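# Working through the structure, step by step
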Amino acid sequence: MALTPKERMKIQRQDMPEREPGVRNQDFKEVNVGFDLKLAQLEAERCIQCKEAKCIDDCPVEIDIPLFLEHIANGDLKSAAEVLLKDNALPGITGRVCPQEEQCEKVCVRGKGKGCPVAIGHLERFIADWARENLDEKFTPPEPTGYKVAIVGSGPAGLTTAGELTKKGHDVTVFEALHTPGGVLTYGIPEFRLPNEIIDAEVDRLRRMGVKIICNVVIGRTFTIDELMNEEGFHAVFVANGAGLPVFMNIPGENLKGVYSANEYLTRSNLMRAYRFPDYDTPIIHGEKAVVIGGGNTAMDSVRTAKRLGAKQATLVYRRSRAEMPARNEEIHHAEEEGIIFKLLCSPVRFLSSEDGWVCGCECIEMELGEPDASGRRRPVPIKGSEFIIECDLVVEAIGTGANPLLTSTTPDIELNRWGNIIVDEKGMTSKAGVFAGGDITRGGATVILAMGDGKKAAAAIDRYLCEKAAK
Amino acid sequence: MFRILDAKQLASDVKWFRIEAPLVAKHRKPGQFVIICLDETGERIPLTVADSDPEKGTIELIVKAIGKTTMVLCRKEKGDSIAHVMGPLGRPTDIEKVGHAVVVGGGVGTAVIYPLAQALREAGNYVSAITGGRTKDLVVLEEELEKVSDVVYATTDDGSYGFKGTVADKLVELLEDKERPIGAIYCAGPVPMMRAIAELTKPRGIKTIVSLNPIMVDGTGMCGGCRVTIGEETKFACVDGPEFDGHEVNFDELWDRLSAYHKQERVSLERMEHECELDAQ
Ligand SMILES: Cc1cc2nc3c(=O)[nH]c(=O)nc-3n(C[C@H](O)[C@H](O)[C@H](O)COP(=O)(O)OP(=O)(O)OC[C@H]3O[C@@H](n4cnc5c(N)ncnc54)[C@H](O)[C@@H]3O)c2cc1C
Ligand SMILES: Cc1cc2nc3c(=O)[nH]c(=O)nc-3n(C[C@H](O)[C@H](O)[C@H](O)COP(=O)(O)OP(=O)(O)OC[C@H]3O[C@@H](n4cnc5c(N)ncnc54)[C@H](O)[C@@H]3O)c2cc1C
Ligand code: FES
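Residues numbered from 1 in each chain as written. Chains lettered and ligands numbered in written order. Predicted model: local features only at pLDDT ≥ 70, side-chain atom pairs only at ≥ 80, totals over all residues. Heavy atoms only, no water.

Attention now goes to the overall build of chain A. When its secondary structure is counted, chain A shows 19 helices and 16 strands. Its C-alpha atoms give chain A a radius of gyration of 23 Å, within 12% of the compact-globule value 23 Å for 472 residues. Along the longest, intermediate and shortest principal axes, the C-alpha atoms of chain A span 70 × 65 × 50 Å. Out of the 472 residues belonging to chain A, those deemed buried represent 59%. Pairs at least 24 apart in sequence give 69% of the contacts found in chain A among residues at least 6 apart. A total of about 19700 Å² of accessible surface is found on chain A, and carbon and sulfur atoms cover 51% of it. (Helix = DSSP H or I, 4+ residues; strand = E, 2+ residues; numbered from the N terminus. Rg over C-alpha atoms; globule rule 2.2 N^0.38 Å. Buried < 20%, exposed > 50% of the residue type's maximum accessible area, 1.4 Å probe, protein only. Contact = heavy atoms within 4.5 Å. Areas by Shrake-Rupley, 256 points an atom, 1.4 Å probe, with all protein chains shown as cover.)

This is the structure:
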């Protein structure tokens, strides 16, 4: 029996069951436990099935959200999964890491005024997890088009494009520099937020669809893009190599032992599983007193990793106030619960060295907020004479990433903006014919779902480009 | 999986491998390296490509067993395989005609200079090679270097073999030889050795290229772990190097950073030895 809108409006938002902060901050198992069927159905019933669903428009991959929620409410999980997977090849991932509060859930009518939006993200995760265990998908290969497409990078942008183009019958090969696919999902985001087995399963599903992934190939070194097109027979290339260049603060003491970029720290821990040293061979420095600099997801992930690796004191240093932090609310909240110390409105000026070359302190200066800057956030201004020292034996700088020039420097005919990001037109095409790009390499550090949206758009454009080629 | 097609012990702790890696072989140039990872629990470590055959799709590696990963690797034989071989990485050496080129290798560094000697010779240079070790057993690749250089000098600190002294001592002799002035020096080995060579040649203004060996993870410029200070600038050795102007390198910093994981490296080694003992029982 379908509920009336009035009955639906009475249901309260269901909270995501989580593990206890004091327990979970000791290990790398997932923080969120996930809905069970009862909770999921109750939450899905809160959707009032808007005729013109704004949530769909605000989803970069345009999932038919009301429809999959309706199927959940009716207990038809198979249909819900099919609706979800049609538009999103990585739902177990986005259901865990998407900033829903900035997208679908932001425009949900249930969230108007004092209300709470439908927990679309939690339900996405619920269905993705159900599908992984239960859905028996048969992939019938489409009619081959005879076109070969190369994808550079196996992050969310590359994987999405690969899936979409494979569905259209193109012969798709993803080239990944590292030894494991997934991009930031694998090397950056820790297992307590996104377990690697989820990524493996969703990548494996793409492989079963027919996507080929070749690891250990660095485009720009192993092959150039010109070689892919002129010698290896690829008709189009999609560049999705991410924003993998660490930005350092350029302050004294940065090269002391015990000072990491977030990329290195997280890669050691996540990709190389250094948190399981010595069962895994890669070492990582465990600090008793860790300082992490930054206010984004990367900073939260780093500081929570440091805590889990045994830091008695794990401090986040951020130059603005909590309100300006770019990290997802959920992550900030979880970090606070887990006992992370927030030192807001201050910024490091130098790192101090012990006698034997290890970092032993972080000198900071206090800040106050001035006029808004280009980002619209109030600019932090140092307060003279307010320097103070935080004792520490581990520092992780998580102040952002830039465009990695390794690939673009070998392809001079791809136009870049002044930050080194690839310039694309509205279809995702670069200045080089047949070469498309998307994700962080075109946007600078953005989000998983925006990268996937780019991938989807570019896939459509690449398909059109190849069809036009065929017509000629 | 990358198959080991051939393996040969060169010295008690140095082993040579020929490995099937067609994509690397096709594009590799002298001075470039690969990053390998032995298995799913392994560490990623950089190794210079000593030689390659694009036709056969093979590369050659020369490995000195100094810690867990290199020791496990050096126990592998023909028919075994390596889970991951990624590359080629780094910038190829600028091979120029300088007249008299001297390549200097200490320990593992000899594996790094071997392909350089070969390429420099092919470019028409007169190549002198100096390879050194503390004692006779530690001098490696002398025979191999003979094939790709015009003259090879082996040195030992204790005089148990060849010239008695360090590679730097031998280099001083060559620097004084007015008959054959040196155009450029290419050097790889332990940091103190490279520092000593750079200090020798700086006042004389002789171009000195050093191949740096910082700890690496990804090898693509993504992590910054391999950062080194060259002049006033921070560079990532995996993409901007591994070769740099020896007169500009901050060797103290490099030396210090290399010790970051000494404690953990010992843990890994002890654990491995323990496992080997158990296996033997
Ligand atoms: C620690 C961290 C936490 C984050 N948390 C969130 C979050 O909670 N929610 C969210 O939405 N976003 C988050 N983000 C941002 C998000 O991960 C990125 O926006 C997204 O991954 C970008 O996807 P992409 O496909 O463009 O690139 P990437 O995910 O960066 O993937 C690029 C891939 O290309 C490979 N590659 C690079 N160069 C080459 C080459 N020359 N040849 C071959 N392969 C190459 C790389 O190895 C990599 O695997 C986070 C980012 C970080 C670093
Ligand atoms: C560009 C480059 C080319 C190299 N070429 C060769 C070669 O041709 N033959 C050869 O035998 N060796 C080479 N090396 C050195 C080799 O990478 C190290 O010996 C190896 O990583 C040691 O690993 P391990 O686990 O056996 O020893 P560990 O016990 O882990 O380390 C011993 C020492 O090796 C260094 N080291 C450790 N981990 C790394 C790492 N991930 N990356 C770099 N250095 C590390 C540290 O100084 C450490 O103290 C090269 C290094 C670089 C950077
Ligand atoms: S090894 Fe990571 S940047 Fe060089």
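Residue and element names in this part refer to chain B. Inspection of the region around ligand 2 gives 27 residues, with Pro 46, Ile 62, Lys 64, Thr 70 and Val 108 positioned closest. Taking Arg 44, its main chain carries an N or O atom lying 3.1 Å from a nitrogen atom of ligand 2. With respect to ligand 2, the backbone of Met 216 contributes an N or O atom lying 3.0 Å from a nitrogen atom. It is strand β4 (residues 44-53) that provides the largest number of residues to the shell around ligand 2, a total of five residues. The class makeup of the residues in the shell around ligand 2 is 16 nonpolar, six polar and five charged. (Near = heavy atom within 4 Å. Polar contact = N/O pair within 3.5 Å; in protein donor to acceptor, adjacent residues only side chain to side chain. Nonpolar A, V, L, I, M, F, W, Y, C, P; charged D, E, K, R; others polar.)

Turning our eyes to something else, we now look at the pairing of strand β4 (residues 236-239) of chain A. Residues and elements named next belong to chain A. Every second residue of β4 is oriented toward a common face, with Ala 236 and Phe 238 on one face and Val 237 and Val 239 on the other, all of them buried. Sheet topology places strand β1 (residues 148-152) next to β4; four bridges connect them, and they run parallel. Directly across from Ile 151, in β4, lies its bridge partner Phe 238. Taken together, the three bridges between β4 and strand β16 (residues 435-437) define a ladder with parallel strand orientation. Counted as the bridge partner of Val 239 is Ala 437 from β16. (Pairing = 2+ DSSP bridges.)

On to helix α3 (residues 37-44) of chain A, then. Residues and elements named next belong to chain A. Considered for burial, the residues of α3 that qualify are Ala 40, Glu 43 and Ala 44. Buried residues in α3, looked at end-on, bunch into an arc of 95°, giving them a common side. Residues of α3 that are buried make contact with α1 (5-10), α5 (65-73) and α9 (120-134). (Arc of directions from axis to C-beta.)

Moving on: the sheet that holds strand β5 (residues 58-64) of chain B. Residues and elements named next belong to chain B. Read across the sheet, seven strands follow the order β6-β1-β2-β5-β4-β3-β7 without closing on themselves; strand pairing throughout is antiparallel. The open sheet has two edge strands with one neighbour each: β6 (81-82) and β7 (84-89). Judged from the six bridges that link them, strand β1 (residues 2-11) and strand β2 (residues 14-20) form a sheet pairing that is antiparallel. The residue of β2 that forms the bridge with Gln 9 is Lys 15. Along the sheet, helix α3 (residues 109-122) makes contact with β4 and β5, crossing β4 at roughly 30°. (Axes fitted to C-alpha atoms, helices over the stretch in contact; angles between N-to-C directions.)

A few words now on the interface of chain A and chain B. The figure often quoted for interface size is the accessible area lost as the parts come together. The interface of chain A with chain B comprises 42 residues on the first partner and 44 residues on the second. When the two sides are added together, the surface that chain A and chain B hide from each other amounts to roughly 3700 Å², 55% of it contributed by carbon and sulfur. It is Arg221(A), Asn255(A) and Asp281(A) in chain A that bury the most area against chain B; as a group they hold 20% of the surface buried on that side. Remark: the boundary between chain A and chain B carries four salt bridges. At the junction of chain A and chain B, the tally comes to 24 residue pairs in polar contact (both at pLDDT 80 or more). Looking at the side of chain A that touches chain B, the elements with two or more residues in it are β5 (245-246), β6 (259-261) and α14 (262-271) of chain A. In terms of residue count, α14(A) provides more of the side of chain A that touches chain B than any other element does, four residues in total. The class makeup of the residues in the side of chain A that touches chain B is 21 nonpolar, eleven polar and ten charged. (Buried area = accessible area lost by both parts, 1.4 Å probe. Salt bridge = Lys/Arg side-chain N within 4 Å of Asp/Glu carboxyl O.)

All names here are of chain A. Scanning the model with the defined rule gives seven aromatic pairs over all chains in all. Judged by centre distance (6.1 Å) and plane angle (50°), the ring pair of Phe 28 and Phe 192 falls under tilted. Residue Phe 28 is located in the loop between α2 (21-24) and α3, and its partner Phe 192 is located in the loop between α11 (184-187) and α12 (196-209); the two are separated by 164 residues in the primary sequence. Note on Phe 28: relative accessible area 10%, which makes it buried. Of the residues examined, Phe 192 reaches a relative accessible area of 1% and is grouped as buried. Stacked on the ring of Phe 234, the Lys or Arg Lys 148 has its end atom at 4.4 Å from the ring centre. (Phe/Tyr/Trp six-rings, centres within 6.5 Å; stacked < 30°, edge-to-face > 60°. Lys NZ or Arg CZ within 6 Å of the ring centre and 35° of its normal.)

A cis amide bond links Phe277(A) to the next residue, Pro278(A), at an omega of 5°. As for its placement among the helices and strands, Pro278(A) is situated in the loop between α14 and β7 (289-293). Put simply, Gly87(B) and Pro88(B) share a cis peptide bond, and its omega is 0°. Take Pro88(B): it is sitting in strand β7. In this model, Asn216(A) sits at a positive phi of 65°, which is unusual for a non-glycine residue. Along the chain, Asn216(A) falls in the loop between β3 (212-214) and α13 (225-230).

Before going further, it helps to examine a nonpolar patch on the surface. Residue and element names in this part refer to chain A. Side chains of Met 9, Ile 48 and Val 109 sit close together on the surface and give an oily, nonpolar patch of about 220 Å² of accessible area. Mapped onto the fold, Ile 48 is located in the loop between α3 and α4 (54-57). Its relative accessible area of 31% is what places Ile 48 among the partly exposed residues. (Patch = residues over 30% accessible without salt bridge, like charges linked within 9 Å, V, L, I, M, F, W, Y side chains within 5 Å.)

Our focus in this paragraph is the site of ligand 1. Residue and element names in this part refer to chain A. Lining the immediate surroundings of ligand 1 are 35 residues, of which Val 97, Glu 176, Arg 193, Ile 219 and Asp 440 lie closest. Take Pro 156: an N or O atom from its main chain is 3.3 Å from an oxygen atom of ligand 1. Within the backbone of Ile 219, one N or O atom sits 2.8 Å away from a nitrogen atom of ligand 1. When isolated, ligand 1 has an accessible area of 1000 Å², and the protein chains bury 94% of it. Here the shell around ligand 1 gets three residues from one element, more than from any other, and that element is helix α15 (residues 297-308).

With that out of the way, let us pick up the side chain of Glu176(A). Position of Glu176(A) relative to the elements: it lies in the loop between β2 (171-175) and α11. Despite being buried, Glu176(A) has no salt bridge partner; Arg44(B) is the closest side chain of opposite charge, sitting 7.8 Å away. With residues up to four places along the chain from it excluded, the contact list for Glu176(A) reads Gly153(A), Ser154(A), Pro181(A), Ile214(A), Cys215(A), Asn216(A) and Val217(A). (Lys, Arg positive; Asp, Glu negative; His and termini not counted.)

Turning to the packing of α5(A) against α9(A), a few remarks are in order. All names here are of chain A. Taken N-terminus to C-terminus, the directions of α5 and α9 make an angle of 60°; their axes are 11 Å apart at the nearest point. When the interaxial angle is binned, α5 and α9 end up oblique. Of the two possible hands of crossing, α5 and α9 adopt the one that is left-handed. Between α5, through Ile 65, Phe 68, Leu 69 and Ile 72, and α9, the contact on the second element is made entirely by Ile 120, Leu 123, Glu 124, Phe 126 and Ile 127. Among the residues making up the contact of α5 with α9, the classes are represented as eight nonpolar, no polar and one charged. (Parallel < 35°, antiparallel > 145°, perpendicular 65-115°, else oblique. Left-handed = near helix turned anticlockwise from the far one by under 90°.)

Residue and element names in this part refer to chain A. Summed over all chains, the structure comprises zero disulfides over all chains. Take Cys 50: it sits in no disulfide, and the sulfur closest to it among the cysteines is that of Cys 47, at 6.3 Å. The thiol of Cys 108 is not disulfide-bonded; the next cysteine sulfur, from Cys 55, is found 6.7 Å away. (Disulfide = S-S within 2.5 Å.)

If a probe the size of a water molecule is rolled over the atoms, the empty space left behind becomes visible. Under the defined criterion, the tally for this structure stands at seven cavities of 30 Å³ or more. Of the voids in this model, the largest cavity is the one considered here, and its volume is about 180 Å³. Around the largest cavity, the lining is made up of 17 residues, and of these Glu264(A), Gly225(B), Arg257(B), Ala260(B) and Tyr261(B) lie nearest the centre. A breakdown of the residues in the lining of the largest cavity according to their chemical character gives ten nonpolar, two polar and five charged. In this structure, the second largest cavity spans a volume of roughly 120 Å³. What lines the second largest cavity is a set of 17 residues, and nearest its centre among them are Cys59(A), Ile63(A), Cys98(A), Cys104(A) and Glu124(A). Elements supplying a minimum of two residues to the lining of the second largest cavity: α5 and α9 of chain A. (1 Å grid on protein atoms, 1.4 Å probe; cavity = no way out; pocket = protein on both sides within 12 Å on 5 of 7 lines; lining within 4 Å. Points joined across faces, edges and corners; volume = space filled by probe spheres on them.)

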